[in-house]
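Below, each chain spelled out in residue letters.
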Amino acid sequence: MQDAQDKLELYQKFLKYPPFYTLQDHKETRKKQITQWSEIVHLYFQSHKILQSSLSQMLTIPIFSDSSSGVLRKLDASEIKEILDQMAQLGSIEWKNDQNFSVNLVSPFELADAIYAWAKEKKLIGYTETLKGITEGNQTDQTKKFYDLPQEQILKACLILEETGRCQVYEFDGLYSIKFI
Amino acid sequence: MQQSLFFLSAEMTAMTQFNEKTLFIYQNMQFLDKKLKMKVPKLNLVITTHRLIFTNNPNIEQLKTNDAQFVYLVVPLQHIKTVQTKTGFLSSQIDHINFETNLGDVSLYGDNLEGPLLQIKGSMEKKEWLKVQEQQQTQSVYRGLKSELDKKEKQTQQTIETVQSTFKGGFEELFKNASELKEISQYIKQNIKKGENNEIDEILSKIGQSRLDKTEDQFYEKLAEQVYKLCVELFPKMGGIISLLDVYYYFNKKRNQNLVSPEEILKAGLQFQKLNYQAKIERYDGISVFESTQYNIDKDYENTLGKFISYEVGLTAEQLAKKLGISVMICKIKLRNAINQGKVCVDNRIEGTRYFQNLIINI
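Scope of this entry: the structure provided in the associated data block. Every value quoted in this text rests on a predicted model; they were computed, and no experiment measured them.

Conventions used here
Residues numbered from 1 in each chain as written. Chains lettered and ligands numbered in written order. Predicted model: local features only at pLDDT ≥ 70, side-chain atom pairs only at ≥ 80, totals over all residues. Heavy atoms only, no water. Helix = DSSP H or I, 4+ residues; strand = E, 2+ residues; numbered from the N terminus. Buried < 20%, exposed > 50% of the residue type's maximum accessible area, 1.4 Å probe, protein only. Contact = heavy atoms within 4.5 Å. Areas by Shrake-Rupley, 256 points an atom, 1.4 Å probe, with all protein chains shown as cover. Buried area = accessible area lost by both parts, 1.4 Å probe. Salt bridge = Lys/Arg side-chain N within 4 Å of Asp/Glu carboxyl O. Polar contact = N/O pair within 3.5 Å; in protein donor to acceptor, adjacent residues only side chain to side chain. Arc of directions from axis to C-beta. Axes fitted to C-alpha atoms, helices over the stretch in contact; angles between N-to-C directions. Parallel < 35°, antiparallel > 145°, perpendicular 65-115°, else oblique. Nonpolar A, V, L, I, M, F, W, Y, C, P; charged D, E, K, R; others polar. Pairing = 2+ DSSP bridges. Core = buried A, V, L, I, M, F, W, Y, C linked by side-chain atoms within 4.5 Å. Phe/Tyr/Trp six-rings, centres within 6.5 Å; stacked < 30°, edge-to-face > 60°. Lys NZ or Arg CZ within 6 Å of the ring centre and 35° of its normal.

Some details on the overall build of chain A
1) Next: When its secondary structure is counted, chain A shows 7 helices and 8 strands.
2) Next: Counting across all 181 residues of chain A, residues that qualify as buried make up 43%.
3) Next: Taking all contacts inside chain A whose residues are at least 6 apart in sequence as the whole, residues at least 24 apart take part in 52%.
4) Next: Accessible surface, chain A: about 10300 Å² in total, of which carbon and sulfur atoms supply 51%.

Here it is, written out as structure tokens:
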């Protein structure tokens, strides 16, 4: 919790630091800057539960601009694209096309672990469950990381579980079911 | 027989104009009126500031108005339009001089016409007769462009007279007043051929000159030595980097002629490495600078930019340059170095670029 608090303070500090809104030429500084921006944007997506967005919508979100000193500073489209590309590399988002992307509020690996832990808790090992059942079923709740997430993300997590031998994924007529092992 | 238009009575000839002076009298000249084809030999030519007077009066300077027995042919200089010389056949000596005047063409014959020709041309250039007209014009209430031009010409004439009067006694007079300079030049003349002489180089360098008895390579090596000396003086004040323009300015400051060009200073700077000097030429964004080999970016940042740049307040390059007392060009080079080291961050905004201490990398 302290860690999260510290991070939040750090992000606040960066967002008040004027050069943060200009991507720096110095390689190392730029790398760190984009990493910090990625974390801030990801936090923003999480807090606002944004699962889908586009580059043009990103231009309007308030974190990319600052006018506290009286002078408006903001990142332009190419700079925001560079940040989103970094996030895509980290798995935080997935590009659908040049403009649109989906957001992974939780990473597939983290999701996979969370789903398997839930299956164990609910004694579902050896039993089959649907994707919808995992995200919206009676045995799940809002405290779970996978609650109400898009089914594509759940499927991805389950495929990871399948690779690690913790489940089997069945598909029939476009519908998926998961057997926990 | 038709009379020549240039004939004047003694009375008229004696009437000198304002400021007219006799310059020279040449003997045994001949006057030819081309229109009448009338040639008059054995005349004295009196050249004044205003006229050419051809006469057989031997005492022209004591001319009396009732000297009717003598001949006077007068050509006013202001009426002469062109002057042409003619040489003899197969000879380079002037045979005669033709004058095209408003009253007709005349010729002057005689021996050794070079002297008279120079005197006549000199008088024509001076235009002493115009002084009469200028005085009349100053009395008028309205002054036009012509009077302004005349005023300018008068000033030029005065300058010429001043210069001429300075050289009145010839160079011997001048040198009497420059005995010290003469001694120095004698000393240099005696010693310059004895090879290297630091004292002479010092004297020449102080008056902004360098020795001429050198090949091109030697010249640049010598120049490199002098430029390096200057760089060593300036490096502490300028923070280890000096622009070529600044070196050019300071190097030529004590000279008032024969300035060393920026190209020559640059060529001299390129000799530094060969001569093992602790300075070198560097190029930043196309700008050539002289940089000390001991220039350390980190130390320089601590001593200069680091004192003024902070996380909270951004400064422009101009503000920093003013605080550091260096040129904006050099300040931008230092900032570029600091950015490349990750010490400074840039904030690009509509009102200009500002520089902050790098927070991003330090956390």
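A short note on the interface of chain B and chain A
1) Next: The partner chain A presents 17 residues to the 19 residues of chain B that form the contact.
2) Next: For the pair chain B and chain A, the summed buried surface comes to about 1600 Å²; carbon and sulfur atoms form 66% of the total.
3) Next: Across the contact surface, chain B and chain A share 1 salt bridge.
4) Next: A salt bridge links Arg73(A) to Asp347(B); its shortest N-O distance comes to 3.1 Å.
5) Next: Put simply, chain B and chain A have 8 residue pairs in polar contact (both at pLDDT 80 or more) between them.

Thoughts on helix H9 (residues 244-252) of chain B
Count 3.6 residues to each turn of an α-helix, and residues three or four apart come out pointing the same way.
Residues and elements named next belong to chain B.
1) Next: Listed as buried for H9 are Leu-244, Val-247, Phe-251 and Asn-252. All buried residues of H9 project into a common sector of 110 degrees when viewed along the axis, lining one side.
2) Next: Among the structural elements, helix H8 (216-238), strand S8 (241-243), helix H10 (262-269) and strand S10 (287-292) are those in contact with the buried residues of H9.

Observations regarding the packing of helix H5 (residues 108-121) of chain A against helix H7 (residues 151-163) of chain A
Residue and element names in this part refer to chain A.
1) Next: The interhelical angle for the contact between H5 and H7, taken along N-to-C directions, is 75 degrees, at an axis separation of 8 Å. Between H5 and H7, the angle falls in the class roughly perpendicular. Here Pro-108, Phe-109, Leu-111, Ala-112, Ile-115 and Tyr-116 of H5 lie close against H7, whose contacting residues are Gln-153, Ile-154, Lys-156, Ala-157, Cys-158, Ile-160 and Leu-161.
2) Next: Of the residues assigned to the contact of H5 with H7, the class counts are 11 nonpolar, 1 polar and 1 charged.

Quick notes on the sheet that holds strand S4 (residues 93-95) of chain A
Each strand in a sheet pairs with another by means of backbone hydrogen bonds, the pair being arranged parallel or else antiparallel.
Residues and elements named next belong to chain A.
1) Next: Ordered by their spatial adjacency, 3 strands build an open sheet running S1-S5-S4, and the pairing between neighbours is antiparallel. Two strands bound the open sheet, and with one partner strand each, they are strand S1 (52-54) and S4. Between one strand axis and the next, the sheet turns through 30 degrees on average, direction left out of account.
2) Next: When S4 meets strand S5 (residues 100-103), the two strands line up antiparallel, connected through 3 bridges. Its bridge partner being in S5, Trp-95 is matched across the sheet by Phe-101.
3) Next: Contacting S4 and S5, helix H4 (residues 77-90) runs over the sheet at an angle of about 110 degrees to S4.

Regarding unusual backbone geometry
1) Next: A positive phi is found at Lys123(A), a non-glycine position, where the angle reads about 55 degrees.
2) Next: For Lys123(A), a relative accessible area of 67% puts it in the exposed group.
3) Next: Within the chain, Asn276(B) stands out as a residue other than glycine whose phi angle is a positive 60 degrees.
4) Next: Locating Asn276(B) in the fold gives a position in the loop between H10 and strand S9 (279-284).
5) Next: On the accessibility criterion, Asn276(B) (67% relative accessible area) is exposed.

Looking at the side chain of Ser102(A)
1) Next: Tracing the sequence through the fold places Ser102(A) in strand S5.
2) Next: Every residue in contact with Ser102(A), bar those within four places of it in the chain, is listed here: Leu51(A), Gln52(A), Ser92(A), Ile93(A), Glu94(A) and Lys96(A).

Thoughts on the sheet that holds S9(B)
Residue and element names in this part refer to chain B.
1) Next: Across the sheet, 3 strands lie side by side as S8-S10-S9; this open sheet has antiparallel pairing. The open sheet is flanked by S8 and S9, the only strands paired with a single partner. On average, each strand axis in the sheet is tilted by 35 degrees relative to the strand beside it, whichever way the strands run.
2) Next: Packing of helix H13 (residues 328-340) onto the sheet brings it into contact with S8, S9 and S10, and relative to S8 it is tilted by some 135 degrees.

Focus: the nonpolar core
1) Next: In terms of nonpolar packing, the biggest core is built from 52 residues, with Phe45(A), Phe64(A) and Phe180(A) touching the most fellow members.
2) Next: Residues Leu43(B), Ile80(B), Leu117(B) and Met124(B) belong to the second largest nonpolar core, which totals 25 residues.

With respect to the packing of aromatic side chains
1) Next: Under the counting rule described, the total for this entry stands at 19 aromatic pairs over all chains.
2) Next: When the centroid spacing of 6.0 Å and the interplanar angle of 75 degrees are considered together, the rings of Tyr17(A) and Phe356(B) count as edge-to-face. Taken together, the residues Tyr17(A) in the loop between helix H1 (2-15) and helix H2 (27-47) and Phe356(B) in strand S12 (residues 352-357) connect one chain to another.
3) Next: Between Trp37(A) and Phe64(A) the ring centres are 5.3 Å apart and the planes differ by 40 degrees, which places this aromatic pair in the tilted class. Pair noted here: Trp37(A) is in helix H2 and Phe64(A) is in the loop between helix H3 (55-58) and strand S2 (65-66), with a separation of 27 residues, a long-range link.
4) Next: Here the aromatic cluster, defined as three or more aromatic residues joined through ring pairs, consists of Phe14(A), Phe20(A), Tyr21(A), Trp37(A) and Phe64(A).
5) Next: The residue whose ring lies beneath Lys81(A) is Trp95(A), and the NZ or CZ to ring-centre distance is 5.2 Å.

From the geometry alone we can't say anything about function, so treat these as descriptive.
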